[in-house]
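Chains, contacts and geometry: an overview
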Amino acid sequence: MNIHNEIIKELKSKGAKGNLTAQTQFSTIGVDSLDLMDMITVLEERLSIFVPDDKLLEIKTIQDLENVIAELTK
């Protein structure tokens, strides 16, 4: 499973448009903290992981989320 593709797919289902790259900041594409939490909850269920609260504060970009998920799926 490609983590990046899963994140992009979930963002597009939430209505994100445009060129979504690893450096894309969630705030610049209209994803607020509630939307981000909803997306993370879906990804947690899909990938059978749990993102701890202290990691949530680190997530500002798509790459940040990819890094957190990669760390948790090792």
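By the naming in an unreviewed UniProt entry, the protein goes by Acyl carrier protein and is assigned to Mesoplasma melaleucae.

As a volume, the largest pocket reaches approximately 210 Å³. If you trace the largest pocket, you find 13 residues lining it, with S33, L36, L56, I59 and K60 closest to the centre. Looking at which element gives the most residues to the lining of the largest pocket, the answer is helix α2 (residues 33-47), with 4 residues.

Okay, the pattern of salt bridges next. Under the criterion given, the structure shown has 4 salt bridges. We note a salt bridge from R46 to E6, for which the minimum N-O separation is 2.7 Å. On the criterion of sequence distance, the pair formed by R46 in helix α2 and E6 in helix α1 (residues 3-13) is long-range, its members being 40 residues apart. Assessed through its relative accessible area of 33%, R46 is described here as partly exposed. Ionic pairing is found between K55 and E71, a salt bridge with its closest N-O pair at 3.0 Å. Linking K55 in helix α3 (residues 53-56) with E71 in helix α4 (residues 62-72), this pair joins segments that are 16 residues apart in sequence. Given the relative accessible area of 16%, K55 is considered buried. E71 sits in the partly exposed class, given a relative accessible area of 42%. Several salt bridges converge on common partners, so that one network encompasses E6, K9, E10 and R46.

Cut-offs and rules
- Residues numbered from 1 in each chain as written.
- Predicted model: local features only at pLDDT ≥ 70, side-chain atom pairs only at ≥ 80, totals over all residues.
- Heavy atoms only, no water.
- 1 Å grid on protein atoms, 1.4 Å probe; cavity = no way out; pocket = protein on both sides within 12 Å on 5 of 7 lines; lining within 4 Å.
- Points joined across faces, edges and corners; volume = space filled by probe spheres on them.
- Helix = DSSP H or I, 4+ residues; strand = E, 2+ residues; numbered from the N terminus.
- Salt bridge = Lys/Arg side-chain N within 4 Å of Asp/Glu carboxyl O.
- Buried < 20%, exposed > 50% of the residue type's maximum accessible area, 1.4 Å probe, protein only.

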